[in-house]
There are 2 protein chains.
Amino acid sequence: MSNVYDAITAIAKRRGYYWPSYEIYGGLSGYVTYGDLGTKLKRNIENSWRSHFTRHQRVLEIDAPIINPPIVFEASGHIANFREHSTECTSCGRSYRADHLIEEKTNLENVEAMGGEAIRRLLREHGIKCPRCGSPLKEPTLFLTMFKTQIGATGDTPGYARPEAAQGMFINFKRGYQHAREKTPFALAQIGKVMRNEISPRRGMTRVREYTIMELELFFDPQDPKCPQLKDVEGEKIRLITEKMEAGEEKKPLETTIRDAVRQEHILAEWQAYYMGVSKQFVSHLGVPEEHQRFRAHLPEERAHYSAQTYDHEVHLGSFGWLEIAGHAYRTDYDLKAHQKGSGEDMTIIRKDGTRYIPHVVEPSFGLDRLFLATLETSYERRDKRNIFKLPRDLAPFNVSVFPLVTKDGLKEKATELNRILIKSGINAYYDEGGSVGRRYARSDEAGTPLAVTIDYDTLNDDAVTVRDRNTWKQVRTPISQLVENLRRYTAYEIEFGDIGVPT
Amino acid sequence: MSNVYDAITAIAKRRGYYWPSYEIYGGLSGYVTYGDLGTKLKRNIENSWRSHFTRHQRVLEIDAPIINPPIVFEASGHIANFREHSTECTSCGRSYRADHLIEEKTNLENVEAMGGEAIRRLLREHGIKCPRCGSPLKEPTLFLTMFKTQIGATGDTPGYARPEAAQGMFINFKRGYQHAREKTPFALAQIGKVMRNEISPRRGMTRVREYTIMELELFFDPQDPKCPQLKDVEGEKIRLITEKMEAGEEKKPLETTIRDAVRQEHILAEWQAYYMGVSKQFVSHLGVPEEHQRFRAHLPEERAHYSAQTYDHEVHLGSFGWLEIAGHAYRTDYDLKAHQKGSGEDMTIIRKDGTRYIPHVVEPSFGLDRLFLATLETSYERRDKRNIFKLPRDLAPFNVSVFPLVTKDGLKEKATELNRILIKSGINAYYDEGGSVGRRYARSDEAGTPLAVTIDYDTLNDDAVTVRDRNTWKQVRTPISQLVENLRRYTAYEIEFGDIGVPT
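Residues numbered from 1 in each chain as written. Chains lettered and ligands numbered in written order. Predicted model: local features only at pLDDT ≥ 70, side-chain atom pairs only at ≥ 80, totals over all residues. Heavy atoms only, no water.

## Let's talk about the packing of aromatic side chains
Part 1: Throughout the structure, instances matching the rule amount to 48 aromatic pairs over all chains.
Part 2: For the ring pair A:Phe186 and A:Phe219, a centre distance of 5.2 Å and an interplane angle of 25° mean the geometry is stacked. With A:Phe186 in strand β10 (residues 186–195) and A:Phe219 in strand β11 (residues 210–220), this pair connects stretches of sequence that are 33 residues apart.
Part 3: Here A:Phe219 falls in the buried class, since its relative accessible area comes to 0%.
Part 4: Centre to centre, the rings of B:Trp271 and B:Tyr274 are 5.9 Å apart; their planes meet at 90°, and the pair counts as edge-to-face. Of this pair, B:Trp271 and B:Tyr274 both sit in helix α11 (residues 270–285), 3 residues apart, which is roughly one turn of the helix. The same class applies to B:Trp271 and to B:Tyr274, which are both buried. (Phe/Tyr/Trp six-rings, centres within 6.5 Å; stacked < 30°, edge-to-face > 60°. Helix = DSSP H or I, 4+ residues; strand = E, 2+ residues; numbered from the N terminus. Buried < 20%, exposed > 50% of the residue type's maximum accessible area, 1.4 Å probe, protein only.)

This is the structure we're talking about:
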């Protein structure tokens, strides 16, 4: 963490982006609450994901439960594998993730992937003690990081909260296939809350126990692995750290394109490459510059139990350094086979030639809360002692602020009426008459609102208003009669600020 | 349940509105999964709620966690009161809600409100046995219907899944007040998943263990209880069963208006009356006719522990009879006082005259999944052996279907290109070339799509298309150049079907 994160966290609390949950009860680590600005920004990012990933009618959205019976996660391998090395202080009783303690002490990376034996050895070799009280730690044990509960009154039906949304798509594959008119390729997508019982969440917004996941499972015939849409993104520039580079010394990313990454077999499946291209476009739309994005391959020992190839999409933040915001996994037929075995349900589908197969799966998976943090932090600028969030126009919680220059002589009535008209026209307007116009601009910039409209004495004569740009603080004057249409087009990126009116 | 519900459930499974969760693992009662049509319809209802209830900038949305530490529900009274009378079979071990068993056997209503002693007596008097195996039942016990889990690795920090979203708003009241610029009245609103550990969920979609709640808490000064917006809805007609009527014999609802219900003191708080008016408008917009809506007052013994007055908003469905889809509760200062006591945090705010007070609260609370069922069932029509969902234009999963008359002679290319343009223009279009045009119309009607556009041979000459109305099966012809604008205006209820083009 850093000064940037501290600064943003302070603004976030004060203005209502987000804050630690259960403040009045002393807090509970790993839980965050979003306020009005945060809820709106988060929802706009979610809608942007949807328009990037689910607009095609072959992508079917579903909404499955959070609580699952154990058999789902037994079949998927989670109950065996979704575990972390937990160590407990012999004195104060506090628990820690052993790999994180080692990383903090040694500057080693990705200790989790080294396995239990290495973790136990490293704890010993570095003489790692309880960071809280300095006492010795117990031998680490494997802790299942899923929340468990009991369903019903008799207490004999356990349930687990899902740690990801993917299994909901796999166990409903046959229903989805039916609704996709029994053709591949097709995808199931899901946006929803997931829960992970983190042992010791300590990195603010980046490691929480409850968050929103946005996931898509693309099902295709492994004998027909071509992605017809690949051409839409193949020119997209990406920065790759391949598995070979990750294993070796070369850590400077390979600058390439989706097209070349497929040709040179850095990416195994065309559908995976396609979604990595869309991922790049989506994260760029959130405002993260190209040079602050990279795709990093997992080494075999780091990969999840189901994956043949995984690329993390990482963004670089001043606060946390490189942060994973998405995973792109080639899951093959692992999951459908696992549930076929677990349920006895036939997961094969039939080709035109009569042969049967289990589809292969490519999965892009995004953490909405980390994307939220990345969007907010990337947009943050400090200028003339003011805080400005230069949020993308279509993602900002409000589209426009509306101010009367003063609250007398009919200006207030004119401004509230304009505000009402804007809201009725579907423009997210925010009326503000408090304090000086300067203070209102400052509040508007802190809320990331792209534009501010002021009604002044001239408005009473010329029925025009002053529009001010959050990014440049420049102003133009525009007739009220054109305002709705111009604001709408500006928010949709159809025109630029200078097109809204004439400079003042 | 009934034939209507069975018919809709069958279509819902086949077409992807919803189905019972965990089908391949034999199911798990109380859990429902939504498919593509269902997820889209549900989200559109959610957005419609938002535009009815949260558009005003004094309504702040928040997003708080599902899992809460016990202290929240100890303070709120849930751990003491959120319990049901559970009885277990002495032979097969199955559990039941005692009040529901009595209601099924006796035609008594609202047995829950009669209390434990009456429930034990009624079980005995009616000789109620296990409905599954006929064996005797154990004495009922009070079962806490919240899901419990453990947070963290040490196992000494319990957590409860929230059974409603309201407490998230109360414990964050002071933050919300800060973000509302320290003025009342203001509201906090929240849409999110909640969980209730139902003892024996058996009424399909109407009693599930996980669902989405849409809730709003309006905070006002009890010394200044006027609702300035009341005038916006005061003419709204409502059908009331008042507390007095509910206690007596008269069950025919009183037909009145919001204005008169306030004047005659049937509704205690103006803000509650306001939200009941908005509630009526919202549910009417979903398609539920006035005569299938009523507001029923809770008797004191039926009311939740926090409420001074509660009206359930009920809708009448062919499947389930009168069904509660919303509750309107006047919670007074109960909750803020409870959390002030529980946390030691000062929940008072200050008036201009320097005196301090704890705000009073009015709460409209909606179950999204029941609204979904009400919308779907109300829109259902069977005509000429076809299933039609006459969903409101702005709520339907897709706005328009696009068909080529045949897939040769360039019609397919023309139709897919038109489909692409529509989607790019923000219109939710669905392309279909499978089978005859008649079958495509049937599929489109079953998906509730209001309009269908057909590209035929004439299109190649006149660049016009045929548009067909789902509700009347009438057709008009319209130039492609006007299509986007006309579809947009039709969906926004700005024009009617006849305005889209000229009759064919």
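## Focus on the domain arrangement of chain A
Part 1: Its domain assignment divides chain A into domain 1 (35–67 + 163–378) and domain 2 (398–503).
Part 2: Distance from the C-alpha centre of domain 1 of chain A to the C-alpha centre of domain 2 of chain A: 39 Å. (Domains from an automatic or database assignment.)

## Some details on the pairing of strand β26 (residues 475–479) of chain A
Residue and element names in this part refer to chain A.
Part 1: Pairing of strand β25 (residues 464–469) with β26 involves 5 bridges; the strand directions are antiparallel. Each residue of the ladder has a partner; that of Thr 466, found in β26, is Arg 477.
Part 2: Remark: 5 residues form the turn of the hairpin made by β25 and β26, two consecutive strands paired antiparallel; Trp 473 in that turn has positive phi of roughly 60°.
Part 3: Here β26 pairs with strand β27 (residues 502–503) via 2 bridges, running antiparallel. In the strand pairing of β27, Val 476 is matched with Pro 503. (Pairing = 2+ DSSP bridges.)

## A closer look at the relation of the copies chain B and chain A
Part 1: Least-squares fitting of chain B to chain A yields an RMSD of 0.0 Å, with the transformation described by 0.0 Å of translation along the axis and a rotation of 180°. In the structure described here, the two chain copies are related by an operation that fits a two-fold rotation axis. Proximity to the rotation axis, assessed at the C-alpha, singles out B:Thr149 in chain B; its C-alpha lies 2.5 Å from the axis.
Part 2: In this assembly, 100% of the residues forming the interface of chain B have copies in chain A that are likewise at the interface, indicating an isologous arrangement. (Least-squares fit on C-alpha atoms with pLDDT ≥ 70 in both. Contact = heavy atoms within 4.5 Å.)

## Some thoughts on the environment of A:Ala374
All names here are of chain A.
Part 1: By secondary structure assignment, the location of Ala 374 is in helix α13 (residues 368–379).
Part 2: The spatial distance from the C-alpha of Ala 374 to the C-alpha of Glu 417 is 36 Å, given a sequence separation of 43 residues.
Part 3: Those residues within four positions of Ala 374 in sequence are excluded, and the remaining contacts are Val 315 and Leu 317.

## A short note on the confidence of the model for chain A
Part 1: Averaged over every residue, the pLDDT of chain A is 95; the share at 70 or more is 100%.
Part 2: Interface predicted TM-score (ipTM) for the complex: 0.96; the corresponding pTM is 0.97. (pLDDT = per-residue confidence, 0-100.)

## Structural notes on the sheet that holds strand β4 (residues 67–68) of chain B
Each strand in a sheet pairs with another by means of backbone hydrogen bonds, the pair being arranged parallel or else antiparallel.
All names here are of chain B.
Part 1: Strands sit in the order β4-β9-β8 across an open sheet of 3 strands; the sheet is antiparallel. Looking at strand neighbours, the two that pair on one side only are β4 and β8 (148–150), the edges of this open sheet.
Part 2: Summarising the sheet, β4 and strand β9 (residues 158–161) pair through 2 bridges and their orientation is antiparallel. Note that in β9 the partner of Asn 68 across the bridge is Tyr 160.

## A few points about unusual backbone geometry
Residues and elements named next belong to chain A.
Part 1: Omega for the bond connecting Thr 184 with Pro 185 falls within 30 degrees of zero, at -5°, which places this linkage in the cis form.
Part 2: Considering the arrangement of structural elements, one finds Pro 185 in the loop between α8 (173–179) and β10.
Part 3: Even without being glycine, Asp 463 reaches a positive phi, approximately 50°.
Part 4: Assignment of secondary structure puts Asp 463 in the loop between α16 (459–462) and β25.
Part 5: Asp 463 gets classed as partly exposed once you look at its relative accessible area, which sits at 37%.

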